Amino acid sequence: MSTRLPAGRWWAIAYLGLCIGYAMTTAFSLPHLWTLPVLALWLGLGWLFRWGAPAYQVVRPRAWPWSLLPLALWWIYLFLADSYGKVDLGAVIFHLQAGIAENGSGERIFFAVIYTLAGIVMLGVFTWLVRVDQRWRLLERVLVLFLLAFNPLLFGITLQGAAIVAEDDAWLERRYVPPQIEAMPENPPNLIYLYMESTEGTYADESRFGDVYDDLEMLGRRGVVFHDLRQIANTGWTTAGMISSQCGTPLMPAGLMHDSQFEPLEHVVPGVDCLGDLLSRRGYNLTFMGGASIEFAGKGLFYKQHGFDTVLGREALSPRLDDPSYLNSWGLYDDSLLDMAVQRVRNLQRQPEPFGLFAVTLSAHPPYGHPAQSCRDNQGSFDGENILYSIKCTGWLTRRFIERLEREGLLDNTLVVIASDHLAMKNSAWQSLIAGERENTLIMLGNGLKPRVIERESSMVDVLPTVMEAMGFEVPAHRAGLGASLLSPAQTLLERHGIEAINARMRAENALQKRLWKVPSDESPR
């Protein structure tokens with residue numbers, strides 16, 4: 001690499017300043033406009049200290065910075081943080097193992113390419129600075145330690161490793177109660193469970209988000225609304241949110257202890273029983289429907305292996321569209337999906353056995369959402385960026401779906417659960433979201449539930465026993481998995497220990513992780 005850059009010296013210094021400003025605003029969750037004052041300060045220091053052109057210059061044209069790899073690792077962290085908000089190491093590991101094929105984040109792939117090119121330029125400019133300025137050759141050796149010590153990605157890995165060595169690795173396992181049904185009503189109810197992508201309860205705060213949650217609040221007045229449903233570690237992405245709410249345990253990735261860690265997963269949490277397993281054994285006909293591919297992130301595997309009779313994703317549903325081109329980058333729009341879900345409920349109601357229908361929307365998928373055409377007709381034009389438009393779309397479609405089923409008499413003897421799959425990742429309303437406390441959405445309607453509000457410090461693992469008891473099932477000691485029924489006096493783990501303590505215990509946990517991924521002896525891998 002040439003060390004001759006006299007004409008472009010200030011462009012190079014400015015580019016490094018932009019990278020530093022971007023890094024600071026991303027790491028501290030500040031608006032990116034703060035990059036400009038950081039750049040101005042950096043340029044001032046560059047002028048004052050003559051960076052890149054010291055008075056006594058000693059050029060080392062073949063010098064390579066020690067900090068190239070640490071800088072590259074920071075660049076990876078910044079990409080993840082700027083794309084998703086909080087970097088979830090468990091999500092990264094799980095998606096690498098479960099596979100990210102058939103995802104609809106084409107814009108993120110394009111962004112990743114641009115980001116990679118920008119990172120290469122940054123490393124090249126920094127290498128030039130180290131070669132032409134001996135002061136930076138000395139300073140960057142100290143910079144290596146700083147970059148390694150304070151990279152949150154590396155810090156998380158180190159913290160987890162240290163916890164495993166130093167702490168009790170079976171704390172959660174000792175508190176795990178295998179889900180069971182001791183008794184069930186004579187006429188067991190049907191179950192409709194709708195996961196709303198990233199539509200967290202935080203959006204109910206009108207001072208921050210206006211009226212985007214109004215349709216869901218109107219539904220909530222007719223049933224039970226649960227508040228203070230927090231997000232613990234390993235429950236912060238769609239598959240993890242589904243597993244935690246149906247199996248009563250966070251989705252701790254298989255990790256390096258998995259027998260085939262370098263091969264695609266063939267089983268998803270085979271070592272535990274989930275809601276689908278329990279209902280299937282009691283004669284329920286179970287269906288999952290989602291507009292996206294069931295191949296993404298292990299969703300299809302999970303449902304097929306845990307008692308579901310029918311698992312339908314983009315592959316099976318898109319041929320049913322009247323207009324085959326009416327698709328977004330992930331798959332079906334939610335108005336199409338929910339129309340098909342209504343038809344599915346009609347068909348299931350004609351069968352003699354009780355049924356369960358689980359579905360997941362995608363209108364509010366970050367960063368901007370994919371609002372359906374019916375929402376555009378109802379709400380007006382979409383600017384392509386405002387996630388609040390997509391949140392309002394989700395609520396309106398959800399309310400329309402429930403009211404349509406109700407008008408047709410399809411909700412008799414049926415429990416309806418409306419919930420977010422997880423807290424939203426980084427989107428256009430991010431600064432408002434992180435300005436206060438956040439909570440997941442959980443609303444239950446029907447099956448004799450009296451309208452009320454329940455405020456209890458809880459998490460998605462508590463949803464499983466709560467749904468079971470709302471259906472009229474008797475659950476041992478009101479507990480299933482790591483969860484406690486929020487309709488009972490049983491204390492939740494968060495009420496007993498707090499969210500920070502639970503997350504710390506999860507970093508150290510090994511025994512429950514092994515239980516999740518242990519394939520039963522009567523079912524060996526292919």
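Before reading on, note that the structure itself is shown above.
Residues numbered from 1 in each chain as written. Predicted model: local features only at pLDDT ≥ 70, side-chain atom pairs only at ≥ 80, totals over all residues. Heavy atoms only, no water.

## A closer look at the overall build of the chain
Tallying secondary structure elements over the chain gives 22 helices and ten strands in all. Computed over the C-alpha atoms, the radius of gyration of the chain is 26 Å, within 12% of the 24 Å expected from 2.2 N^0.38 for a compact globule of 526 residues. Along the first, second and third principal axes, the C-alpha set of the chain runs to 90 × 55 × 45 Å. Within the span of the chain, comprising 526 residues, buried residues form 55% of the whole. Accessible surface, the chain as shown: approximately 23400 Å² in total, 58% of it carbon and sulfur. (Helix = DSSP H or I, 4+ residues; strand = E, 2+ residues; numbered from the N terminus. Rg over C-alpha atoms; globule rule 2.2 N^0.38 Å. Buried < 20%, exposed > 50% of the residue type's maximum accessible area, 1.4 Å probe, protein only. Areas by Shrake-Rupley, 256 points an atom, 1.4 Å probe, with all protein chains shown as cover.)

## Re the sheet that holds strand 8 (residues 452-459)
Within the open sheet, the eight strands sit side by side as 4-3-5-1-6-7-2-8. Their pairing is mixed. Lying at the two open borders of the sheet, with one neighbouring strand each, are strand 4 (310-312) and strand 8. Averaged over all pairs of adjacent strands, the angle between strand axes in this sheet comes to 15°, irrespective of strand direction. For strand 1 (residues 190-196) and strand 6 (residues 414-420), the ladder comprises seven bridges, and the chain directions are parallel. (Pairing = 2+ DSSP bridges. Axes fitted to C-alpha atoms, helices over the stretch in contact; angles between N-to-C directions.)

## With respect to the environment of P371
Of note, P371 is situated in the loop between strand 5 (355-360) and helix 16 (373-379). Expressed as a C-alpha distance, the spacing of P371 and A477, which sit 106 residues apart in the sequence, is 43 Å. Apart from the residues lying within four places of it in its own chain, the contact partners of P371 are Y333, S363, R376, F382, Y389, S390 and C393. (Contact = heavy atoms within 4.5 Å.)

## Some points on the pattern of salt bridges
Counted by the stated rule, this structure contains 16 salt bridges. The partner of D82 in a salt bridge is K426, with the nearest N and O atoms 2.7 Å apart. Pair noted here: D82 is in helix 3 (residues 68-84) and K426 is in the loop between strand 6 and helix 18 (430-433), with a separation of 344 residues, a long-range link. Of the two residues examined, D82 and K426, each falls in the buried class. R281 serves as the salt-bridge partner of D273, at 2.9 Å between the closest nitrogen and oxygen. Each of D339, R346, R404 and E408 takes part in one network of salt bridges that share partners. (Salt bridge = Lys/Arg side-chain N within 4 Å of Asp/Glu carboxyl O.)

## A short note on the side chain of N440
In this structure, N440 sits in the loop between helix 18 and strand 7 (442-446). Sequence-distant contacts of N440, that is, excluding residues within four places in its chain, are made with E200, G201, F226, L229, R230, Q231, S420, H422, L423 and M460.

## Brief notes about the packing of aromatic side chains
Considering all chains together, one arrives at 23 aromatic pairs under this definition. Considering the side-chain rings of W42 and W51, the 4.5 Å spacing of their centres and the 50° angle between planes classify their relative orientation as tilted. Grouping aromatic residues by their ring pairs yields a cluster made of Y193, Y195, F288, F302, Y303, F308 and F358. Seen from the ring of W64, R131 lies directly overhead, with NZ or CZ sitting 4.4 Å from the centre. Its end group placed over the ring of W171, R175 keeps NZ or CZ at 3.7 Å from the ring centre. (Phe/Tyr/Trp six-rings, centres within 6.5 Å; stacked < 30°, edge-to-face > 60°. Lys NZ or Arg CZ within 6 Å of the ring centre and 35° of its normal.)

## Looking at the environment of H227
Relative to the elements of secondary structure, H227 occurs in strand 2 (residues 224-230). Residues H227 and V453 lie 226 residues apart in sequence; the distance between their C-alpha atoms is 7.5 Å. In this structure the side chain of H227 is engaged in a polar contact, spanning 2.8 Å, whose partner is the side chain of E439. (Polar contact = N/O pair within 3.5 Å; in protein donor to acceptor, adjacent residues only side chain to side chain.)

## Some points on helix 11 (residues 238-247)
Most of helix 11 sits out of view: ten of its ten residues are buried. Among the residues of helix 11, T238, T239, A240, G241, M242, I243, S244, S245, Q246 and C247 are the ones counted as buried. One or two residues past the end of helix 11 sits G248, with phi positive at roughly 75°.

## Describing empty space enclosed by the protein
Counted according to the given criterion, the structure contains two cavities of 30 Å³ or more. Approximately 60 Å³ is the volume found for the largest cavity. Every residue along the wall of the largest cavity is listed here: D335, L338, D339, V342, L397, R400, F401 and R404. Residue assignment for the lining of the largest cavity shows that the elements contributing at least two residues are helix 15 (334-349) and helix 17 (387-407). Residues that form the lining of the largest cavity fall into these classes: four nonpolar, no polar and four charged. (1 Å grid on protein atoms, 1.4 Å probe; cavity = no way out; pocket = protein on both sides within 12 Å on 5 of 7 lines; lining within 4 Å. Points joined across faces, edges and corners; volume = space filled by probe spheres on them. Nonpolar A, V, L, I, M, F, W, Y, C, P; charged D, E, K, R; others polar.)

## Notes on the packing of helix 15 against helix 17
Viewed as axis vectors pointing N to C, helix 15 and helix 17 meet at an angle of 20°, and their least axial separation amounts to 10 Å. When the interaxial angle is binned, helix 15 and helix 17 end up roughly parallel. The handedness of the crossing between helix 15 and helix 17 is right-handed. Residue-level contacts link D334, D335, L338, D339, A341, V342, V345 and R346 of helix 15 to L397, R400, F401, R404 and L405 of helix 17. (Parallel < 35°, antiparallel > 145°, perpendicular 65-115°, else oblique. Left-handed = near helix turned anticlockwise from the far one by under 90°.)

## As for the nonpolar core
Ranked by size, the top nonpolar core spans 72 residues in total, and within it L191, V269, F288, L415, M444, V467 and M468 carry the most contacts. Apart from residues no more than four positions distant in its own chain, V269 is found in contact with I243, L251, F302, H306, L516 and W517. By size, the runner-up hydrophobic cluster in this structure holds 48 residues, among which are F209, Y213, V342 and L410. (Core = buried A, V, L, I, M, F, W, Y, C linked by side-chain atoms within 4.5 Å.)

## Here we look at the layout of surface pockets
By volume, the second largest pocket is sized at about 680 Å³. Looking at the second largest pocket, it is lined by 21 residues, and the ones nearest its centre are I20, L71, L143, F146 and L147. Those elements that provide at least two residues to the lining of the second largest pocket are helix 1 (9-27), helix 3, helix 5 (106-132) and helix 6 (134-149). Taken together, the residues of the lining of the second largest pocket break down into 21 nonpolar, no polar and no charged.

## Let's talk about the state of the cysteines
Using the criterion set out here, one finds two disulfides in the structure. A sulfur-sulfur separation of 2.0 Å characterises the disulfide bridge that pairs C247 with C274. Between C247 and C274, the S-S torsion sits near 100°, and that sign places the bridge as right-handed. In this pair, C247 is assigned in helix 11 and C274 in the loop between helix 11 and helix 12 (275-281), connecting sequence segments 27 residues apart. (Disulfide = S-S within 2.5 Å.)

## Digging into the pairing of strand 1
Counting buried residues in strand 1 gives seven out of seven residues, a clear majority hidden from the surface. Because side chains alternate across strand 1, one face comprises the buried residues N190, I192, L194 and M196, and the other comprises L191, Y193 and Y195, equally buried. The sheet contact formed by strand 1 and strand 5 spans five bridges and is parallel. Looking at strand 5, one finds that I192 is bridged to L357.

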